[in-house]
Amino acid sequence: MKNAKPIIAIVSCYKMIDGQPSQAVYQKYIDAVNFYGGNPILLPNTAADSSNFEALLAMVDGILLTGSYSNVAPTRYGATHREAKQDLGRDELSFKLLAYADKTNTPLLAVCRGLQEMNVHFKGTLHPDWREVEGFFEPHLEDSSQPLEVQYQPVHDVVIEPAGRLAAFGKKWHVNSLHKQAINKVGERLLVEALAPDGLVEAISLSEHPFMIGVQWHPELNYEKDNLSKFLFTEFIHYASKQRTE
Ligand SMILES: N[C@@H](CCC(=O)NCCCC(=O)O)C(=O)O
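Only a predicted model underlies this, so the values are computations on that prediction, with no experimental measurement involved.

Q: With reference to specific residues and values, describe the pairing of strand β2 (residues 13-17).
A: Summarising the sheet, β2 and strand β3 (residues 20-24) pair through five bridges and their orientation is antiparallel. The residue of β3 that forms the bridge with Ile17 is Gln20.

Q: Please provide a residue-by-residue account of the packing of helix α3 (residues 88-104) against helix α4 (residues 113-121), values included.
A: At a minimum axis distance of 10 Å, the contact between α3 and α4 shows a crossing angle of 65°. Where α3 crosses over α4, the handedness of that crossing is right-handed. For the pair α3 and α4, the contacting residues are Arg90, Asp91, Ser94, Phe95, Leu98 and Ala99 in the first and Arg113, Gly114, Glu117, Met118, Val120 and His121 in the second. Among the residues making up the contact of α3 with α4, the classes are represented as five nonpolar, three polar and four charged.

Q: Give me the lowdown on the environment of Asp61, citing residues and values where you can.
A: Its place among the elements puts Asp61 in the loop between α2 (53-57) and β5 (62-65). Along the primary structure Asp61 and His238 are separated by 177 residues, whereas in three dimensions their C-alpha atoms are 10 Å apart. Residue contacts for Asp61: discarding those within four places in its chain leaves Lys5, Pro6, Ile7, Thr106, Pro107, Ala240, Gln243 and Arg244. Within the structure, Asp61 has its side chain in polar contact with the backbone nitrogen of Ile7 (distance 2.7 Å). Polar contacts involving the side chain of Asp61 include one to the side chain of Arg244, which spans 2.7 Å.

Q: So what's going on with the site of the ligand? Which residues, and what values?
A: In the region of the ligand, 18 residues are neighbours, and Lys28, Tyr29, Asn71, Tyr152 and Gln181 sit closest. Arg113 is positioned such that a nitrogen or oxygen atom in its backbone is 3.5 Å from an oxygen atom of the ligand. Between the ligand and the protein, one listed contact pairs an oxygen atom with a side-chain N or O atom of Gln116 at 3.0 Å. Relative to its free-state accessible area of 420 Å², the ligand is covered by the protein chains to the extent of 97%. Looking at the shell around the ligand, the elements with two or more residues in it are α1 (27-35) and α4. In terms of residue class, the shell around the ligand is made up of six nonpolar, eight polar and four charged.

Q: Requested: an account of the packing of aromatic side chains, with residues and values cited.
A: Taken as a whole and assessed by the stated rule, the structure comprises eight aromatic pairs. Between the aromatic rings of Phe53 and Tyr100, the centroid separation amounts to 6.0 Å while the plane-to-plane angle is 90°, which identifies the pairing as edge-to-face. Here Tyr100 lies in helix α3 and Phe53 lies in helix α2, a separation of 47 residues in the sequence. For the pair Phe53 and Tyr100, one class covers both residues: buried. The interplanar angle of 90° and the centroid separation of 5.1 Å between the aromatic rings of Phe169 and Trp173 together place this pair among those described as edge-to-face.

The rules we used
- Residues numbered from 1 in each chain as written.
- Predicted model: local features only at pLDDT ≥ 70, side-chain atom pairs only at ≥ 80, totals over all residues.
- Heavy atoms only, no water.
- Pairing = 2+ DSSP bridges.
- Helix = DSSP H or I, 4+ residues; strand = E, 2+ residues; numbered from the N terminus.
- Axes fitted to C-alpha atoms, helices over the stretch in contact; angles between N-to-C directions.
- Left-handed = near helix turned anticlockwise from the far one by under 90°.
- Contact = heavy atoms within 4.5 Å.
- Nonpolar A, V, L, I, M, F, W, Y, C, P; charged D, E, K, R; others polar.
- Polar contact = N/O pair within 3.5 Å; in protein donor to acceptor, adjacent residues only side chain to side chain.
- Near = heavy atom within 4 Å.
- Areas by Shrake-Rupley, 256 points an atom, 1.4 Å probe, with all protein chains shown as cover.
- Phe/Tyr/Trp six-rings, centres within 6.5 Å; stacked < 30°, edge-to-face > 60°.
- Buried < 20%, exposed > 50% of the residue type's maximum accessible area, 1.4 Å probe, protein only.

Below, the structure is given as structure tokens:
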């Protein structure tokens, strides 16, 4: 019998684990997809090279681009600074998945680095370090010396744009924040969905798409309790389920 649970492809990241090159996804992303009724599968970066990429993605009902401590290659948005934390394989797969999701209307949720990839894919640019931008003052970057539960605590508000999709949730929320890069020029066809009080773009969506939303914060934390996390994952899995049955 066809499994009614939508299959959600989660992009992996290159990591050295036990001294060996690996592909990895943090458990919290897998758990959040499971909790809201999705069927998570992990996509290694090599899926981008696969000659049957489209055949592989034909089995997928939704795509999740996770956060990552690595950064999008500067050359992808015309920047020239040296990037020490690259994951070129992740870039390649994420950009291919974004193009596929746009072409096929496949639901896609982009988190943190995922939002940055989404913005660059649609010809936007990034600030390599928001701390060097005059006017940004909210605590957007975590204190990595703190325990993880402190790093992922909500630290600033996001003000939701009334004309966007997130407006169905409400006007404002308090979110965590763990990022050094930030949206500079917003990509083509993208709608700003939420801003931090200092004007930093915190969420975007692709207009004329059933569900393609990127958020700079981490909804996969507290996915069971946080109301905005519930809203995002419920909507994401709802549209992925529709994709599966249509
Ligand atoms: N590297 C980018 C994006 C930061 C990011 O995704 N942080 C979270 C990584 C771990 C996780 O997925 O929770 C930047 O610094 O802006």
